[in-house]
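The primary structure of each chain is shown beneath.
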Amino acid sequence: MTHEAAGVPPTRNDDDRQDDDRPAEPQPAPEAAAAAGDAAPRPEARLAKAVQAAEQALIEFEIAVETFRVEVENFSRLHHQKLGPMYARLDELDAQIAEARAAKTGDPEDLRKAKEARDIVMPMPGVDELFHDWMDGDGLSPEASAMLTEQPVRPPKRVRPSEEARKLYRELARKAHPDLAQDEPERERRDEFITRVNAAYGRGDVELLKELAAEWAAGPAQPLAPLSESEELYARLEWLSRRKELLTVLAKELEDGAIGSMLRMAPDDPDQLLEDIGEQLLGEVSRREAELAELVQ
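Anyway, here's the lowdown on the structure attached to this text. Note that this is a predicted model, so its numbers are computed, not measured.

### Considerations on the side chain of Asp110
No. 1: The residue Asp110 is located in helix 5 (residues 108-121) in this model.
No. 2: Although Asp110 lies buried, it forms no salt bridge, and the closest oppositely charged side chain, Lys113, sits 5.0 Å away as judged by the N-O distance.
No. 3: The contact partners of Asp110, leaving out residues within four places of it in the chain, are Ala98, Arg101, Ala102 and Thr105.

### A word on the packing of aromatic side chains
For any pair of aromatic rings, the description rests on two quantities: the centre-to-centre distance and the angle between the ring planes.
No. 1: Under the criterion given, the structure shown has two aromatic pairs.
No. 2: Geometrically, the ring pair formed by Tyr169 and Tyr201 is stacked, given 4.4 Å between the ring centres and 20 degrees between the ring planes. Of the two residues, Tyr169 is situated in helix 8 (residues 163-176) and Tyr201 in helix 9 (residues 184-203); the sequence distance between them amounts to 32 residues. Note on accessibility: Tyr169 and Tyr201 belong to one class, buried.
No. 3: Over the ring of Phe61 we find Lys244; its NZ or CZ atom is 5.5 Å from the centre of that ring.

### Quick word on a negative patch on the surface
No. 1: Judged by side-chain charge, Asp183, Glu184, Glu188 and Asp191 come together as a negatively charged surface patch.
No. 2: Inspection of the secondary structure puts Asp191 in helix 9.

### Thoughts on the nonpolar core
No. 1: Counting 31 residues, the largest nonpolar core has Phe75, Leu263 and Ile277 as its most contacted members.
No. 2: The element best represented in this core is helix 4 (residues 43-105), accounting for 14 residues.
No. 3: Apart from the residues within four sequence positions on either side, Phe75 is in contact with Val159, Ile259, Met262, Leu263, Pro270, Leu273, Leu274 and Ile277.
No. 4: In this structure, Ala165, Tyr169, Ala200 and Val206 belong to the second largest nonpolar core, which totals 18 residues.

### Regarding the pattern of salt bridges
No. 1: All told, the structure shown has 28 salt bridges when counted by the stated rule.
No. 2: Between Lys82 and Glu275 there is a salt bridge, with the nearest N and O atoms lying 4.0 Å from each other. Linking Lys82 in helix 4 with Glu275 in helix 13 (residues 270-296), this pair joins segments that are 193 residues apart in sequence.
No. 3: Classification of Glu275 as partly exposed rests on a relative accessible area of 42%.
No. 4: The residue Lys210 makes a salt bridge to Glu207 at a minimum N-O spacing of 3.9 Å. Highlighted residues: Lys210 and Glu207, both in helix 10 (residues 206-217), separated by three residues, approximately one helical turn.
No. 5: One salt-bridge network, in which partners are shared between bridges, spans Glu66, Arg69, Glu73 and Arg77.

Rules and cut-offs
- Residues numbered from 1 in each chain as written.
- Predicted model: local features only at pLDDT ≥ 70, side-chain atom pairs only at ≥ 80, totals over all residues.
- Heavy atoms only, no water.
- Helix = DSSP H or I, 4+ residues; strand = E, 2+ residues; numbered from the N terminus.
- Buried < 20%, exposed > 50% of the residue type's maximum accessible area, 1.4 Å probe, protein only.
- Lys, Arg positive; Asp, Glu negative; His and termini not counted.
- Salt bridge = Lys/Arg side-chain N within 4 Å of Asp/Glu carboxyl O.
- Contact = heavy atoms within 4.5 Å.
- Phe/Tyr/Trp six-rings, centres within 6.5 Å; stacked < 30°, edge-to-face > 60°.
- Lys NZ or Arg CZ within 6 Å of the ring centre and 35° of its normal.
- Patch = residues over 30% accessible without salt bridge, like charges linked within 9 Å, V, L, I, M, F, W, Y side chains within 5 Å.
- Areas by Shrake-Rupley, 256 points an atom, 1.4 Å probe, with all protein chains shown as cover.
- Charge placed at Lys NZ, Arg CZ, Asp CG, Glu CD.
- Core = buried A, V, L, I, M, F, W, Y, C linked by side-chain atoms within 4.5 Å.

Encoded structure:
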């Protein structure tokens, strides 16, 4: 076993002893050594990274809110298209049952209930004919807008767009999101593009989403964002925070609404939920028809 392996310091030769007799070379001061090493990152650089992280987090949040908004809108429209006639039939049967019961009893309270049931079935004169399916919470419905612009009406085929459509949408939203714009003209370009992406995703149009992906890929390359000053970065963080608060309110409104609450009942298969509700409504229609038949015998 060697001395070194045993932990014993090796014997020094004459050259080593001569080196020990030489004056020690001056060592650099700690400050100089630190300056010679890796420089600490500038505060602005760290703040810029924080802004970038906040931007990406906000984009992901917006994507999640938009995908849920599309599902709520599609569910609402399909719910109206598929189940609306059943609800109308139930209202009509309720009115007929109330009228038949009132005709039998002649009771003033039954007569009042019969009139209320009939008023529910009868729309306000002229309003339904003028505005049925033309107005929604934001103004013109997509179908009405398509008619006015001579575009083909393409209602959604299902509540939730296909997985391929969802993947394409998320990729496009991350790449072309307006919040990544560095100036107003670029923001306007991205706004216009994302509007078309949202419309295609709402319809579940995979082919159009692919065309939009190719269009964006062929567009001008976006320059890297220059390093901003601290004040501008802090202002950007404040804007991102306010935007997140607004999206949080929107997400809560969507979730707490009637349609959003229904969607939460079947998050994995909302289209099947429509079928289940339809089956339940058919059962209700059959029960009311049987009740009416007994009253009019």
